[in-house]
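Here's the letter readout for the chains.
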2 protein chains.
Amino acid sequence: MRIILVGYGVVGKGVTSILAKRYTEKNTSYGFNPKIVAIADVDGAIINSRGFSSEKLETFKQKGYQLSTDAEFGNPGMSALEVIEEVEAEAVVELTPVNIKNAEPALSHITKAFKTGKHVVTTNKGPLALAMPALTELAEHNNVFLRFSGTVGGGTPMLEFAKRCLVGDKILAIKGILNGTTNYILSEMGQSCISFQEALTNAQKLGYAEREPSMDIDGFDTACKVVILSNWIMGKKVTLKDVDITGIRKITLEMLQDTAKRCNTIKLVGTIDDSGVSVKPIEISWTNPLCVSGVLNAVTFQTEYAADQTLIGRGAGGVETANAVLRDLLDIRHKLASKLLS
Amino acid sequence: MRIILVGYGVVGKGVTSILAKRYTEKNTSYGFNPKIVAIADVDGAIINSRGFSSEKLETFKQKGYQLSTDAEFGNPGMSALEVIEEVEAEAVVELTPVNIKNAEPALSHITKAFKTGKHVVTTNKGPLALAMPALTELAEHNNVFLRFSGTVGGGTPMLEFAKRCLVGDKILAIKGILNGTTNYILSEMGQSCISFQEALTNAQKLGYAEREPSMDIDGFDTACKVVILSNWIMGKKVTLKDVDITGIRKITLEMLQDTAKRCNTIKLVGTIDDSGVSVKPIEISWTNPLCVSGVLNAVTFQTEYAADQTLIGRGAGGVETANAVLRDLLDIRHKLASKLLS
């Protein structure tokens, strides 16, 4: 499988590392033979139609940014759209930063990939949050696959669990703690008896929160994930504007201390049920499996036959998310093989 | 798919209900068309080569035991082995009670099914605990499938999660709270400040513990599940005698109160790692996702790329386990379809 990588940050480097390792280690164990034929970043691209060797990928990784200055393979100034259009490949791995205003440039990258017959694996929530129903239709129309495991739960396979492990059952509702930053802030407030502002500052110092933290603390990141779960798992065609969103700015230490008297705490929970899709701080019991602390993520699937099932794991991290990309590529390869057979 | 049901207790009745519901409701949604052609119980069997209607199955369920006295389809005194040998079917669902001394009668039922070319779905840990490496080989040799989702985690798809959702990653170790009875007893001791004996008596009153509770509290039930996880997920060919087992009889209220000072508690944990397979009461933190209370089950998969991933759900229950049987039947159907295509 020939792969174009778009975006070369932490996850992009992680993906090249994991794939390079597969080259030598166990690329045959799943009948999967990945070849990175191009990497596009903001300054241009590097292209090698025969696929970069693992040694070359390691060199690029050491070098870091400005790959396009490479004497042998560099194409300075070449845009990602041009790369997707012109380079022959089976799949595009889209890893540019999230933008929930208009989802660009990822949205254009993904649609260009579809129109040129390429499968897409992305870790970018923006295009899915704003246009998931349209994107899944466009993928189907062009007879290609769109996969996005890394967008929800990071390395924790929440989407796959719901799709593959609950066959024969029916998911009635989903509740999730889907944002590590807000969960860290709420956990810290309660455990260290500090204010929202102090906990946020700590989270920023530790690199858990951005300097501009609105995406996390105002609930937008969780809402994007709720949109993805809702479309993919529940078959409800919603976008970001359909989600009723309340963040955690108004949660005070006093509120947490008050709920603690009842052996409860407050968590930012994304909910999908019969009444709609929402993101809100809600009170939950300490003994609820959903009640995880720190930067962990958790999701509970309420099922018809098998009661509540909760999956907990790290919601973020470069290696974890890169591994989600690998799982998606393997899934596409598997789906293609099934198609060939049928 | 023609199915022979062996054992007609709570799970057996649940299986007939779920399958009957499929007849009418959504039997086409997975291309799955199940037909129960025989039910064998201790007193004999009922047989209908064309498959029992959902109405008839409901009548049997109302009747309860002694199905073999049915005027139309009853075969009083006919043994399960004879039914498996003589009735034409694709699959046997084996639901007899657990026996970890010699695994009978389930072991004979399963081997008879294999030798007559029938797939097996079982919820019975006995044969797997004592002879899993041999049974999986025998199934392969006879070109049939053996599935047993309901043996670990009840309705919570712990085995499927590890097999299907962690593709591309590597599981380094497994730790699990796999027995609801012992977890209820330990939780109750800590929360209600009562002795082991009092908590056991409460569990027996509530129906969570058997009158002869050794299987649970001495760790054998957890050990059986550790054997299954070890063989199926980790590829380690062990049986019950390889597990280092310590139960919870010696856990005192004082020990729990002492660990509570460190914000920890004691849980009966099954462990599979490089050092071997064991079942032991160990001290874990309240904030560890594995630290579930009451009758819940939890399992943590320690992975190479995606860190720790924990799955929590109800470990038992008739409906939940019956649903695991349905998942297994669907999986076999899916596997058979893939085979036909290849």
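Now for a description of the structure that goes with this document. (Residues numbered from 1 in each chain as written. Chains lettered and ligands numbered in written order. Predicted model: local features only at pLDDT ≥ 70, side-chain atom pairs only at ≥ 80, totals over all residues. Heavy atoms only, no water.)

Residues and elements named next belong to chain A. One can describe the packing of helix α4 (residues 106-115) onto helix α5 (residues 125-141) by two numbers: an axis separation of 11 Å at closest approach and a directional angle of 5 degrees. Considered as vectors, α4 and α5 are oriented roughly parallel to each other. Across the interface between the two elements, Ala106, Leu107, Ile110, Thr111 and Phe114 of α4 pack against Pro127, Leu135, Leu138 and Ala139 of α5. Residue classes in the contact of α4 with α5 are distributed as 8 nonpolar, 1 polar and no charged. (Axes fitted to C-alpha atoms, helices over the stretch in contact; angles between N-to-C directions. Helix = DSSP H or I, 4+ residues; strand = E, 2+ residues; numbered from the N terminus. Parallel < 35°, antiparallel > 145°, perpendicular 65-115°, else oblique. Contact = heavy atoms within 4.5 Å. Nonpolar A, V, L, I, M, F, W, Y, C, P; charged D, E, K, R; others polar.)

Taken together, the side chains of Leu206, Tyr208 and Val295 of chain A make up a nonpolar region of the molecular surface, amounting to roughly 260 Å² of accessible area. On the secondary structure map, Tyr208 of chain A appears in the loop between α8 (196-205) and α9 (214-217). (Patch = residues over 30% accessible without salt bridge, like charges linked within 9 Å, V, L, I, M, F, W, Y side chains within 5 Å. Areas by Shrake-Rupley, 256 points an atom, 1.4 Å probe, with all protein chains shown as cover. Salt bridge = Lys/Arg side-chain N within 4 Å of Asp/Glu carboxyl O.)

A few words on the pairing of strand β5 (residues 91-94) of chain A. Residues and elements named next belong to chain A. In β5, alternate side chains face the same way, and those of Ala91 and Val93 on one face and Val92 and Glu94 on the other are all buried. Both strand β1 (residues 2-6) and β5 contribute to a ladder of 4 bridges, which runs parallel. The partner of Leu5 across the bridge, within β5, is Val93. Two strands pair when backbone bridges link them, and β5 and strand β6 (residues 119-122) are joined in this way by 4 bridges, in the parallel orientation. Looking at β6, one finds that Val93 is bridged to Val121. (Buried < 20%, exposed > 50% of the residue type's maximum accessible area, 1.4 Å probe, protein only. Pairing = 2+ DSSP bridges.)

All names here are of chain B. In this structure the tally under the stated criterion is 33 salt bridges over all chains. Salt-bridge contacts for Asp221 lead to Lys225; the nearest nitrogen and oxygen are separated by 2.7 Å. Of this pair, Asp221 and Lys225 both sit in helix α10 (residues 220-232), 4 residues apart, which is roughly one turn of that helix. Considered together, Asp221 and Lys225 belong to a single accessibility category, that of buried residues.

So, on to helix α7 (residues 180-192) of chain B. All names here are of chain B. Here α7 is 13 residues long and its end C-alpha atoms lie 17 Å apart, about the 18 Å a rise of 1.5 Å per residue gives. Counting buried residues in α7 gives 10 out of 13 residues, a clear majority hidden from the surface. For α7, every residue scored as buried is listed here: Gly180, Thr181, Thr182, Asn183, Tyr184, Ile185, Leu186, Ser187, Glu188 and Met189. Of the surrounding secondary structure, the elements contacted by the buried residues of α7 are β8 (171-177), α8 (196-205), α9 (214-217), α11 (253-260), β10 (264-273) and β12 (296-303). For α7, the N-terminal cap is Asn179; the gap from its side-chain oxygen to the backbone nitrogen of Thr181 is 3.2 Å. Cys193 sits one or two positions beyond α7 and adopts a positive phi of about 50 degrees. (Expected span 1.5 Å × (residues − 1). Polar contact = N/O pair within 3.5 Å; in protein donor to acceptor, adjacent residues only side chain to side chain.)

This next bit is on the pairing of strand β13 (residues 308-314) of chain A. Counting buried positions along β13 of chain A gives 5 out of 7 residues, so the element sits mostly inside the fold. Sheet topology places strand β12 (residues 296-303) of chain A next to β13 of chain A; 7 bridges connect them, and they run antiparallel. Residue Phe301 of chain A lies in a different strand from β13 of chain A, and its bridge partner there is Gln309 of chain A. Taking the residues that link successive antiparallel strands as the turn, the β12 of chain A-β13 of chain A hairpin has 4 residues, and the phi of Ala307 of chain A there is positive, at about 60 degrees. The pairing of β13 of chain A with strand β13 (residues 308-314) of chain B spans 5 bridges and is classified as antiparallel. In the strand pairing of β13 of chain B, Gln309 of chain A is matched with Gly313 of chain B.

Glancing now at the state of the cysteines. What the rule picks out here adds up to 0 disulfides over all chains. The thiol of Cys165 of chain B is not disulfide-bonded; the next cysteine sulfur, from Cys165 of chain A, is found 3.5 Å away. When its relative accessible area of 1% is taken as the criterion, Cys165 of chain B is described as buried. (Disulfide = S-S within 2.5 Å.)

Residue and element names in this part refer to chain A. Inspection of the secondary structure puts Lys118 in the loop between α4 and β6. No salt bridge is formed by the buried Lys118, whose closest oppositely charged neighbour, Glu85, lies at an N-O distance of 7.7 Å. Looking at Lys118, its side chain comes within polar contact range of the main-chain oxygen of Ile84, at 2.7 Å. The contacts of Lys118, once residues within four sequence positions are left out, are Ile4, Ile84, Glu85, Val87, Ala89, Glu90, Val92, Ala113 and Val144. (Lys, Arg positive; Asp, Glu negative; His and termini not counted.)

Accessible area lost on assembly of the parts is the figure often given for the size of an interface. Contact residues are listed per partner, giving 40 residues for chain A and 40 residues for chain B. Summed over both partners, the interface of chain A with chain B buries about 3,300 Å², with 57% contributed by carbon and sulfur atoms. Scanning the region where chain A abuts chain B turns up 0 salt bridges. Our count for the chain A to chain B interface comes out at 7 residue pairs in polar contact (both at pLDDT 80 or more). Sorting the residues of the side of chain A that touches chain B by element identifies α1 (10-24), α6 (158-165), β13 and α12 (318-341) of chain A as the ones contributing at least two each. (Buried area = accessible area lost by both parts, 1.4 Å probe.)

One pass over the structure, following the stated rule, counts 11 aromatic pairs over all chains. Ring geometry for Phe161 of chain A and Phe301 of chain A: centres 5.7 Å apart, planes at 40 degrees, overall tilted. You can see Phe161 of chain A sitting in helix α6 and its partner Phe301 of chain A sitting in strand β12, a full 140 residues away along the chain. Since its relative accessible area comes to 0%, Phe161 of chain A is described here as buried. An aromatic cluster is present here, built from Phe161 and Phe301 of chain A together with Phe161 and Phe301 of chain B joined pairwise through their rings. Against the face of Trp232 of chain A rests Lys163 of chain A, its NZ or CZ located 4.2 Å from the ring centre. (Phe/Tyr/Trp six-rings, centres within 6.5 Å; stacked < 30°, edge-to-face > 60°. Lys NZ or Arg CZ within 6 Å of the ring centre and 35° of its normal.)

For the pair chain A and chain B, the relating rotation is 180 degrees, the translation along its axis is 0.0 Å, and the fit reaches an RMSD of 0.0 Å. Such a turn and shift between the copies fits a two-fold axis. Taking the C-alpha atom as reference, chain A places Leu311 of chain A closest to the rotation axis, 2.3 Å from it. An overlap of 100% is found between the interface residues of chain A and their copies at the interface of chain B, pointing to a shared contact surface. (Least-squares fit on C-alpha atoms with pLDDT ≥ 70 in both.)

Sheet architecture is open: 7 strands sit in the order β4-β3-β2-β1-β5-β6-β7 (chain B), paired in mixed fashion. Edge positions in the sheet fall to β4 (74-76) and β7 (146-147) of chain B, since each has one partner strand and no second.

Scope: geometric values only; no functional claims are made or implied.
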